[in-house]
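# Structure assessment
Spelled out, the chains give:
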2 protein chains.
Amino acid sequence: MAVDTEDAGARRTRRDVQRNMERVLQAAQELFAERGPDVKMEDVARRAGVGIGTIYRRFPSKEQLFAAVSAVACQHTRHCLAQAADDAHDPLEKLRAIILAQYRQSARQAALIDLRPDPSGVPPDLDRPGLYASIHTLLARVIAAGQRQGSIRSGDAQMLAAICLELLSPRTVQNLSRLADDDVDAAADQVVGFLTAGLRS
Amino acid sequence: MAVDTEDAGARRTRRDVQRNMERVLQAAQELFAERGPDVKMEDVARRAGVGIGTIYRRFPSKEQLFAAVSAVACQHTRHCLAQAADDAHDPLEKLRAIILAQYRQSARQAALIDLRPDPSGVPPDLDRPGLYASIHTLLARVIAAGQRQGSIRSGDAQMLAAICLELLSPRTVQNLSRLADDDVDAAADQVVGFLTAGLRS
DNA sequence: GGCGAAGCGGAAGTGAAATTCCGCTTTCGC
DNA sequence: GCGAAAGCGGAATTTCACTTCCGCTTCGCC
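None of these values were measured; they are calculated from a predicted model.

### Remarks on unusual backbone geometry
Residues and elements named next belong to chain A.
- Although it is not a glycine, Asp-182 adopts a positive phi angle of roughly 65°.
- Tracing the backbone shows Asp-182 in the loop between helix 8 (170–179) and helix 9 (184–197).
- According to the relative accessible area criterion, Asp-182 is exposed, its value standing at 59%.

Encoded structure:
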């Protein structure tokens, strides 16, 4: 953030610094998405085309690097989902749009960070709970709207939103997409069908 | 397995050995469930109340320890779910029973091993795919039966089963249970409602 | 109770990955 | 173009968890 701002009299941020940080974030984001949080810093450096030291100049630890990556990716996800919801009018349509957006997002390997509350304690630097909550809130609102309007059955909107959200977790998206021959749209459709109709005939 | 069998003329298995192995498996199972596969062997040893060497005497590596733990837990889960399905008559009832069984299981901290196919490659010693498949098959069969009988809407039974299974993953069970004030039965009920009725009113 | 086999604990060894450090290079402002 | 400040690369260091090893203890049998 704020890479271009400068104090009076201070030198402008060097061009190469900005370029390198972008490369590092990009590489980290890709590798994190591809292989989970256990990637080696060396690999990140290699893919970014920089030395390890360069990473550590801006990100004091691996954890903080991934917190930064996650924050960016999640901001982006949040934005996409909100956008999708805005573009649709009917609550059920909004839900469909959100799901589709998330599935397409994952297909592009972006946004693969799992935001769900992590029972294994040790909260990292990243404000996962907050990011999770913001998406959860979005869903809960849409569902509540549907309930008021009558198109969605009554029930604890928080819980219904949480259940939907589980079907949007990166892992789930990947699993289901694979089962649909990597056709994410098809997978999303199935989930939407499940969501709206349930199993009963 | 087969801890009590003995070759002719061989000394009986020492009592302490059996006791220790049980403690180790118990501790490993708890910790694995609580904190995922990144627990330290030292922690397992401490919780089990034995030295690290004792673990290594029977389990040549961390991976094999967890394979053993997983195998036991999954066998158990599989058995419980199959049992639950058997006890019910109607396919929808079977599904309800399966879900409830899994939620109760998780509440007891058992069976928290995530069997879903892991995209991050490197298949461990444990036959996760096989264990996952066996539960997936169980679900798919129940769903297909419901479809034949007419109580479940038509659609790709494999995919529907996979979606259900996602809602049974340990992480999901934990998240949703927490949201229901740790009342697993309530959480399971919500999921069942979602499953059978969907969102539409 | 005594003997020997088997098991135990946990300190030391090992290896892989994270992090530091510093001489060399690049960039910016003039 | 030049000088200084900032950044860079990556070898060396540190850290940290897995695994080994061996002197001491416990168990089962007679």
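### As for the packing of helix 4 (residues 62–87) of chain A against helix 5 (residues 91–107) of chain A
Residue and element names in this part refer to chain A.
- Remark: helix 4 packs on helix 5, axes separated minimally by 8 Å, with the N-to-C direction vectors making an angle of 145°. The chirality of how helix 4 crosses helix 5 is right-handed. Across the interface between the two elements, His-76, Thr-77, Cys-80, Leu-81, Ala-84, Ala-85 and Asp-86 from helix 4 touch Lys-94, Ala-97, Ile-98, Ala-101, Gln-102 and Gln-105 from helix 5.

### Let's talk about the interface of chain B and chain A
- Listed by partner, the interface residues are 43 residues for chain B and 42 residues for chain A.
- Where chain B abuts chain A, roughly 4100 Å² becomes buried across the two surfaces, and 60% of that area is made up of carbon and sulfur atoms.
- Seen at the junction of chain B and chain A, the total is zero salt bridges.
- Here chain B and chain A share four residue pairs in polar contact (both at pLDDT 80 or more) between them.
- Breaking the side of chain B that touches chain A down by element, the ones donating at least two residues are helix 1 (15–35), helix 5 (91–107), helix 7 (157–166), helix 8 (170–179) and helix 9 (184–197) of chain B.

### Here's the deal with the pattern of salt bridges
All names here are of chain A.
- This model, assessed by the stated rule, comprises 15 salt bridges over all chains.
- A salt bridge links Asp-16 to Arg-14, with the shortest nitrogen-to-oxygen separation between them at 3.0 Å.
- In this structure, Asp-185 engages Arg-104 in a salt bridge whose closest nitrogen and oxygen atoms are separated by 2.5 Å. One end of the pair, Asp-185, is in helix 9; the other, Arg-104, is in helix 5, and 81 residues separate them in sequence.
- For Arg-104, a relative accessible area of 39% puts it in the partly exposed group.
- Put simply, Arg-35, Glu-42, Asp-43 and Arg-46 are held in one network by salt bridges that share partners.

### Quick word on the protein's contact with DNA strand D
- Neighbouring residues of DNA strand D: 25 residues in total, closest Asn20(A), Gly51(A), Thr54(A), Arg58(A) and Lys62(B).
- In DNA strand D, atoms within 4 Å of the protein come 71% from sugar and phosphate.
- Measuring from a phosphate oxygen of DNA strand D, one finds a side-chain N or O atom of Lys40(B) at 3.5 Å.
- The biggest single contributor to the surface near DNA strand D is helix 3 (residues 52–58) of chain A, with five residues.
- A per-class count over the surface near DNA strand D returns seven nonpolar, six polar and 12 charged.

### Focus on the packing of aromatic side chains
All names here are of chain A.
- Tallied over the full model, the rule gives two aromatic pairs over all chains.
- Here Phe-32 and Phe-66 contribute two aromatic rings whose centre-to-centre distance is 4.5 Å and whose plane-to-plane angle is 35°, an arrangement assigned as tilted. With Phe-32 in helix 1 (residues 15–35) and Phe-66 in helix 4, the pair connects residues that are 34 residues apart, well separated along the chain.
- Taking the relative accessible area as the measure of exposure, Phe-32 reaches 15% and is therefore buried.

### A short note on the confidence of the model for chain A
- Residues with a pLDDT of 70 or more make up 83% of chain A, whose mean pLDDT is 84.
- Across residues 1–7 of chain A the pLDDT falls below 50, and counting only partners more than four positions away or on other chains, this stretch makes five contacts in the model.

### Structural notes on the nonpolar core
- With 78 residues, the main nonpolar core has Tyr103(A), Phe194(A), Tyr103(B) and Phe194(B) as its most contacted residues.
- Apart from the residues within four sequence positions on either side, Phe194(B) is in contact with Arg153(A), Leu160(A), Ile163(A), Cys164(A), Leu167(A), Phe194(A), Leu195(A), Gly198(A) and Leu199(B).

### Some details on the protein's contact with DNA strand C
- In the vicinity of DNA strand C, 25 residues are found, and the nearest of them are Lys62(A), Asn20(B), Gly51(B), Thr54(B) and Arg58(B).
- Each atom of DNA strand C within 4 Å of the protein was classed as base or backbone; sugar and phosphate made up 71%.
- Arg12(A) has a polar backbone atom sitting 3.3 Å from a phosphate oxygen of DNA strand C.
- Separating a base nitrogen of DNA strand C from a side-chain N or O atom of Arg57(B) is a distance of 3.4 Å.
- Mapped by element, the contributors of at least two residues to the surface near DNA strand C are helix 1 and helix 3 of chain A together with helix 1 and helix 3 (52–58) of chain B.
- Grouping the amino acids of the surface near DNA strand C by side-chain chemistry returns seven nonpolar, six polar and 12 charged.

Definitions and cut-offs
- Residues numbered from 1 in each chain as written.
- Chains lettered and ligands numbered in written order.
- Predicted model: local features only at pLDDT ≥ 70, side-chain atom pairs only at ≥ 80, totals over all residues.
- Heavy atoms only, no water.
- Helix = DSSP H or I, 4+ residues; strand = E, 2+ residues; numbered from the N terminus.
- Buried < 20%, exposed > 50% of the residue type's maximum accessible area, 1.4 Å probe, protein only.
- Axes fitted to C-alpha atoms, helices over the stretch in contact; angles between N-to-C directions.
- Left-handed = near helix turned anticlockwise from the far one by under 90°.
- Contact = heavy atoms within 4.5 Å.
- Buried area = accessible area lost by both parts, 1.4 Å probe.
- Salt bridge = Lys/Arg side-chain N within 4 Å of Asp/Glu carboxyl O.
- Polar contact = N/O pair within 3.5 Å; in protein donor to acceptor, adjacent residues only side chain to side chain.
- Near = heavy atom within 4 Å.
- Nonpolar A, V, L, I, M, F, W, Y, C, P; charged D, E, K, R; others polar.
- Phe/Tyr/Trp six-rings, centres within 6.5 Å; stacked < 30°, edge-to-face > 60°.
- pLDDT = per-residue confidence, 0-100.
- Core = buried A, V, L, I, M, F, W, Y, C linked by side-chain atoms within 4.5 Å.

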